[in-house]
Amino acid sequence: MMIRTAARRRAAATAATACALALALTACSGTTKDSAEKDTSNAGNAAEADPSAPLKKDLKLAFLPKQINNPYEKIVDEAGIAAAEEYGGTGKEVGPSDANASSQVSYINTLIQQRQDAILIAANDPNAVCGPLKQAMKKNIKVVAYDSDTAKDCRQVFINQASSEEIGRSLVQHLGEQLGYQGKIAILSATQNATNQNTWIEFMKDELKLPKYKNMRLVKVAYGDDADQKSFQQTQGLLQAYPDLKGIISPTTVGIAAAARYLSDSSYKGKVVLNGLGTPNQMRKYVKDGTVEQFSLWNPEELGYLGSYAAAALASGQITGAEGEKFKAGKLGEYTIGKNGEVILGEPTVFDKKNIDKFDF
């Protein structure tokens, strides 16, 4: 009995020593009440931020877009990968070819096995990706959501293009002005579970409740699943179902381009107003041929660039994702983390014939 007890004591001492050594690099999971509380309340963040810590070299970042062939997200991800090179890191883009709710899960699991320092994700569904993302954070892999958020406890930081309320309300405001605040309108969205799309649409609906929109009526929210052909067909279907439709808002770059392509070759050109979110290079010909008068977007290159620096700041211990923390994002300057870990890039730009040739993305 004494021999067994002594052996157990030696084993316990050895484990304690190993844990103490490991604490220099990472917390021993579940060893104390305090560490458990920090893990629960701060989604796996480090206990304290060190704003003066240098950015670590050789960081490995992985960008996981909604779908790998989305031209808008390709711009975002390539800019983030280029930003990683600025601070001595490396980045890559991986992802599914479809935008289904669970299509990103297997990629997250692979990235965990590869021991990436940070995963940056544009979530197809706010909850479907949570399980593996929480596992990533437990392994000290930092998680940054961009473009389309996850549930708040499944990442440390969310890089938002602009205020969600501003995006949603401004799209209705622009369309209202173009229509003289009269007529039936529809929304052509991406997927039914897309966090950003649904948040914007809620603000659109709230804006439409204001008295000045009393003669405008939202008749349908259609979903093109961020697929070009399906978005094209959904546009056709909307106009067949509502031949007196006056306007369409498409808050997705895939959707607005597909809708513009359909309108440009139809009898509805010049009769149905199309507004929404698109890139200048996608939409230039439709603005110049009169199919579209105006549309909006932020700079997707800056979105990817900011996300990359936020991930590096997290992985380097400069920030934990707590409200009020600040970090420097290279040429974009300093940013402050807001409520629920949100960082806002800035205001969207409205593109029209007057300024579209000034932009190339």
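Here the structure is a predicted model, which means the values were calculated and not measured.

What counts, and where the lines are drawn
Residues numbered from 1 in each chain as written. Predicted model: local features only at pLDDT ≥ 70, side-chain atom pairs only at ≥ 80, totals over all residues. Heavy atoms only, no water. Buried < 20%, exposed > 50% of the residue type's maximum accessible area, 1.4 Å probe, protein only. Helix = DSSP H or I, 4+ residues; strand = E, 2+ residues; numbered from the N terminus. Right-handed = clockwise from strand over helix to strand, strands pointing away. Axes fitted to C-alpha atoms, helices over the stretch in contact; angles between N-to-C directions. Parallel < 35°, antiparallel > 145°, perpendicular 65-115°, else oblique. Left-handed = near helix turned anticlockwise from the far one by under 90°. Contact = heavy atoms within 4.5 Å. Disulfide = S-S within 2.5 Å. Salt bridge = Lys/Arg side-chain N within 4 Å of Asp/Glu carboxyl O. Core = buried A, V, L, I, M, F, W, Y, C linked by side-chain atoms within 4.5 Å. Pairing = 2+ DSSP bridges. pLDDT = per-residue confidence, 0-100. Phe/Tyr/Trp six-rings, centres within 6.5 Å; stacked < 30°, edge-to-face > 60°.

**Things to note about the pairing of strand β9 (residues 273–276)**
Because side chains alternate across β9, one face comprises the buried residues Val-273 and Asn-275, and the other comprises Leu-274 and Gly-276, equally buried. The handedness of the strand β8 (residues 245–250) to β9 crossover, carried by helix α9 (residues 253–264), is right-handed.

**Notes on the packing of α9 against helix α10 (residues 280–288)**
Contact pair α9 / α10: the axes reach a minimum separation of 10 Å and the direction vectors enclose 25 degrees. Between α9 and α10, the angle is such that the two are roughly parallel. Here α9 runs over α10; the crossing is left-handed. Between α9 and α10, the residues in contact are Thr-253, Val-254, Ile-256, Ala-257, Ala-260, Arg-261 and Ser-264 and Gln-282, Met-283 and Tyr-286, respectively.

**Remarks on the state of the cysteines**
Summed over all chains, the structure comprises one disulfide. Covalent S-S linkage joins Cys-130 and Cys-154, the inter-sulfur distance amounting to 1.9 Å. The disulfide joining Cys-130 to Cys-154 has a torsion of about 100 degrees about its S-S bond and is therefore right-handed. One end of the pair, Cys-130, is in helix α5 (residues 130–138); the other, Cys-154, is in the loop between β4 (142–146) and β5 (157–160), with 24 residues separating them in the sequence. Cys-154 gets classed as buried once you look at its relative accessible area, which sits at 0%.

**What about the pattern of salt bridges?**
In total, this model carries twelve salt bridges according to the counting rule given. One salt bridge connects Asp-153 with Lys-134, and the closest N-O pair in it is separated by 3.1 Å. With Asp-153 in the loop between β4 and β5 and Lys-134 in helix α5, the pair connects residues that are 19 residues apart, well separated along the chain. Ionic pairing is found between Asp-228 and Arg-261, a salt bridge with its closest N-O pair at 2.9 Å. With a gap of 33 residues between them, Asp-228 in helix α8 (residues 228–241) and Arg-261 in helix α9 connect regions that are remote in the sequence. The class for Asp-228 is partly exposed, based on a relative accessible area of 34%. Among the residues examined, Arg-261 registers a relative accessible area of 27% and is labelled partly exposed. Through salt bridges with shared partners, one network takes in Glu-165, Arg-169, Asp-206 and Glu-207.

**Focus on the nonpolar core**
One recurring pattern in soluble globular proteins is that nonpolar side chains are buried together. Counting 78 residues, the largest nonpolar core has Ile-159, Trp-298 and Phe-327 as the members making the most contacts within it. The dominant element in this core, judged by the number of residues it contributes, is helix α11 (residues 300–315), at ten residues. Excluding residues that lie within four positions of it along the chain, Ile-159 makes contacts with Val-144, Ala-145, Tyr-146, Asp-147, Leu-303, Leu-306, Gly-307, Ala-310 and Val-343. Ile-119, Leu-133, Ala-136 and Cys-154 belong to the second largest nonpolar core, which has 18 residues in total.

**Let's talk about the environment of Lys-354**
As for its position among the elements, Lys-354 is in the segment after β14 (349–351). Classification of Lys-354 by relative accessible area gives exposed; the value is 77%. Spatially, the C-alpha atoms of Lys-354 and Gln-294 are 10.0 Å apart, while their sequence positions differ by 60 residues.

**Looking at the sheet that holds strand β6 (residues 183–189)**
Taken together, four strands build an open sheet; the order of strands is β7-β6-β8-β9 and the sheet is parallel. Either end of the sheet is taken by a strand with one partner, and the two such strands are β7 (216–223) and β9. In this sheet, neighbouring strand axes are inclined to one another by 20 degrees on average, regardless of whether the strands run parallel or antiparallel. Taken together, the four bridges between β6 and β8 define a ladder with parallel strand orientation. In the sheet register, Lys-184 faces β8, and the bridge partner there is Leu-245. Sheet contacts for α9: β6, β8 and β9; angle to β9, the most-contacted strand, approximately 165 degrees.

**Topic: the sheet that holds strand β2 (residues 90–93)**
In a beta sheet, neighbouring strands are held together by backbone hydrogen bonds and run either parallel or antiparallel to one another. Spatial ordering of the open sheet is given by β2-β1-β3-β4-β5-β13, a layout of six strands whose pairing is parallel. Edge positions in the sheet fall to β2 and β13 (342–344), since each of these pairs with one other strand and no more. Across this sheet, the average inter-strand angle for adjacent strands is 20 degrees, counted without regard to direction. Bridge analysis of β4 against β5 gives three bridges, and the strand direction is parallel. Paired with Val-144 across the two strands is Val-157, which belongs to β5. In this fold helix α3 (residues 71–86) packs onto β1 (60–64), β2 and β4, with an angle of close to 165 degrees to the strand it touches most, β2.

**Points about the confidence of the model for the chain**
As a general rule, the predicted coordinates of low-pLDDT regions are not to be interpreted in detail. Taken residue by residue, the chain gives an average pLDDT of 89. The fraction at 70 or more is 87%. Counting interchain partners and residues more than four positions distant, the pLDDT-below-50 stretch residues 1–46 has 22 contacts.

**A few points about the packing of aromatic side chains**
With the rule as written, the count across this model stands at twelve aromatic pairs. The interplanar angle of 70 degrees and the centroid separation of 5.0 Å between the aromatic rings of Tyr-87 and Tyr-309 together place this pair among those described as edge-to-face. Within this pair, whereas Tyr-87 is found in the loop between α3 and β2, its partner Tyr-309 is found in helix α11, the two being separated by 222 residues in sequence. Residue Tyr-87 is classed as buried on the basis of its relative accessible area, which comes to 4%. Looking at Tyr-309, the relative accessible area reads 8%, which means it is buried.

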